[in-house]
Amino acid sequence: TEATAFVAGTMMKRKAGEPAIALETLTPTSGHRTMQLAVINDDMPFLVDSIATTVAATGLGVDRILHPVLSVRRDNAGELTQILDGHPSGEKRESVIYMEIDRADAKQRTELVAAIKATLADVRAAVRDWGKMQETMAADADRIADVEGAALLRWFLDRNFTQLGHESRDRGGKVTDALGIC
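Summary of the structure given here. (Residues numbered from 1 in each chain as written. Predicted model: local features only at pLDDT ≥ 70, side-chain atom pairs only at ≥ 80, totals over all residues. Heavy atoms only, no water.)

1. Considering the overall build of the chain
Right, on to step 1. Secondary structure summary: the chain contains five helices and eight strands in total.
Right, on to step 2. When the elements of the chain are put in sequence order from the N terminus, they spell out α-β-β-α-β-β-β-β-α-α-α-β-β.
Right, on to step 3. Relative to the compact-globule value of 16 Å for 182 residues, the chain shows a C-alpha radius of gyration of 20 Å, a clear excess of over 25%.
Right, on to step 4. The dimensions of the chain, computed from C-alpha atoms along their principal axes, are 60 × 40 × 25 Å.
Right, on to step 5. Counting the 182 residues in the chain, one finds 36% classified as buried.
Right, on to step 6. Taking the intrachain contacts of the chain between residues at least 6 apart in sequence as the baseline, contacts between residues at least 24 apart amount to 64%.
Right, on to step 7. Within the structure as shown, the chain displays about 10,700 Å² of accessible surface, and the carbon and sulfur contribution to it stands at 52%.
Right, on to step 8. Taking the average location of the 22 positive side-chain charges in the chain and that of its 27 negative ones, the two points are 4 Å from each other. (Helix = DSSP H or I, 4+ residues; strand = E, 2+ residues; numbered from the N terminus. Rg over C-alpha atoms; globule rule 2.2 N^0.38 Å. Buried < 20%, exposed > 50% of the residue type's maximum accessible area, 1.4 Å probe, protein only. Contact = heavy atoms within 4.5 Å. Areas by Shrake-Rupley, 256 points an atom, 1.4 Å probe, with all protein chains shown as cover. Lys, Arg positive; Asp, Glu negative; His and termini not counted. Charge placed at Lys NZ, Arg CZ, Asp CG, Glu CD.)

Right, dumping it as C-alpha cells:
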C-alpha cells in the first residue's frame with residue numbers, strides 16, 4: 001500500500017541517535033485532505049504520545065496512528081540492511097510511527113517537522129537521564145524531614161508519576177544539576 005511504501009522509504013537511511021522524519025500529502029480518497037507522517041527513531045518510552053501531542057499543538061487532527069517496533073540492522077552509514085523477525089535479544093529496536101493527519105500548508109509543515117525534532121530531543125534527554133532522576137528523587141525523599149513530603153516523593157517513585165526533568169535551585173534562582181528536559 002501507499003503507507004507501507006512511504007514508511008519503508010523513510011526507514012531506508014537513518015543516522016544513529018537521530019530520527020528520520022517524512023511528511024507528505026496523501027491522495028484524497030474521501031474528500032478529506034490529509035498528510036502522512038512517518039517518524040523512525042530509536043525505540044524508547046513516550047514517543048507516540050509526545051509526537052501526537054506535538055501534532056495536536058499545531059491544531060492538526062490525527063486520523064490514524066500505527067506504531068510497530070521492529071528489530072533492525074543498519075550499516076555504519078545508517079543504511080537499513082535487515083529487518084529481523086520478532087525481537088531477538090541484543091538487536092537494535094526502532095520505533096516506527098505512522099500517522100495520517102490533517103493537511104497543512106508548507107509553513108505549517110516546516111514548523112511541524114521542527115517541533116517534532118525538538119520534541120524527540122526532549123524525549124531522548126528525559127529517557128537518557130531517567131535513572132539518575134529516579135536516584136535523585138529517592139535521595140531527596142531520604143533527605144527531607146517532612147514525612148508527608150518524603151512519602152509523596154516515594155509515591156512518585158512507585159511509577160505514579162512520569163518525571164521528565166529535575167533541577168536544583170538555590171535561593172537566588174541559580175540552577176544546578178539539571179537533568180532531563182530542564
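More follows now that the structure is in view.
2. What to know about the pattern of salt bridges
Right, on to step 1. Under the counting rule described, the total for this entry stands at 14 salt bridges.
Right, on to step 2. A salt bridge links E79 to K13; the nearest nitrogen and oxygen atoms lie 3.7 Å apart. Placement of the pair is E79 in the loop between β4 (69-74) and β5 (80-84) and K13 in the loop between α1 (2-11) and β1 (20-25), with a sequence separation of 66 residues.
Right, on to step 3. The exposure class assigned to K13 is partly exposed, which follows from its relative accessible area of 45%.
Right, on to step 4. Note that R93 and D43 form a salt bridge whose closest N and O atoms lie 3.8 Å from each other. Residue R93 is found in strand β6 (residues 92-102), and its partner D43 is found in the loop between β2 (34-42) and α2 (47-57); the two are separated by 50 residues along the sequence.
Right, on to step 5. By sharing partners, the salt bridges in this structure join R14, D42, R74, K92, E94 and R124 into a single network. (Salt bridge = Lys/Arg side-chain N within 4 Å of Asp/Glu carboxyl O.)

3. With respect to helix α5 (residues 147-160)
Right, on to step 1. Taking 1.5 Å of rise per residue, the 14 residues of α5 would be expected to cover 20 Å, and the 18 Å separating its terminal C-alpha atoms lies within 8% of that figure.
Right, on to step 2. Residues G149, A150, L153 and F156 constitute the buried set of α5. Taken around the axis of α5, the buried residues stretch over an arc of 115 degrees, which confines them to a single face. Turned more than 90 degrees off the buried face of α5, the exposed positions are V147, E148, D158 and R159.
Right, on to step 3. Where the residues of α5 are buried, they touch α4 (130-143).
Right, on to step 4. If you check the start of α5, you find a side-chain oxygen 3.2 Å away from the backbone N of E148, and it comes from D146. (Expected span 1.5 Å × (residues − 1). Arc of directions from axis to C-beta. Polar contact = N/O pair within 3.5 Å; in protein donor to acceptor, adjacent residues only side chain to side chain.)

4. Some details on the side chain of D42
Right, on to step 1. Within the secondary structure, D42 sits in strand β2.
Right, on to step 2. Here the side chain of D42 touches K92 through a polar contact of 2.6 Å, side chain to side chain.

5. Quick notes on the packing of α4 against α5
Relative placement of two packed helices is described by the angle separating their axes and the distance separating the axes.
Right, on to step 1. The N-to-C vectors of α4 and α5 enclose an angle of 155 degrees; their axes lie 8 Å apart at closest approach. With respect to α5, the axis of α4 lies roughly antiparallel. Considering only the axes of α4 and α5, their crossing is left-handed. Across the interface between the two elements, W130, Q134, M137, A138, D140, A141 and D142 from α4 touch A150, L153, R154, F156, L157 and R159 from α5.
Right, on to step 2. Tallied by class, residues from the contact of α4 with α5 come to eight nonpolar, one polar and four charged. (Axes fitted to C-alpha atoms, helices over the stretch in contact; angles between N-to-C directions. Parallel < 35°, antiparallel > 145°, perpendicular 65-115°, else oblique. Left-handed = near helix turned anticlockwise from the far one by under 90°. Nonpolar A, V, L, I, M, F, W, Y, C, P; charged D, E, K, R; others polar.)

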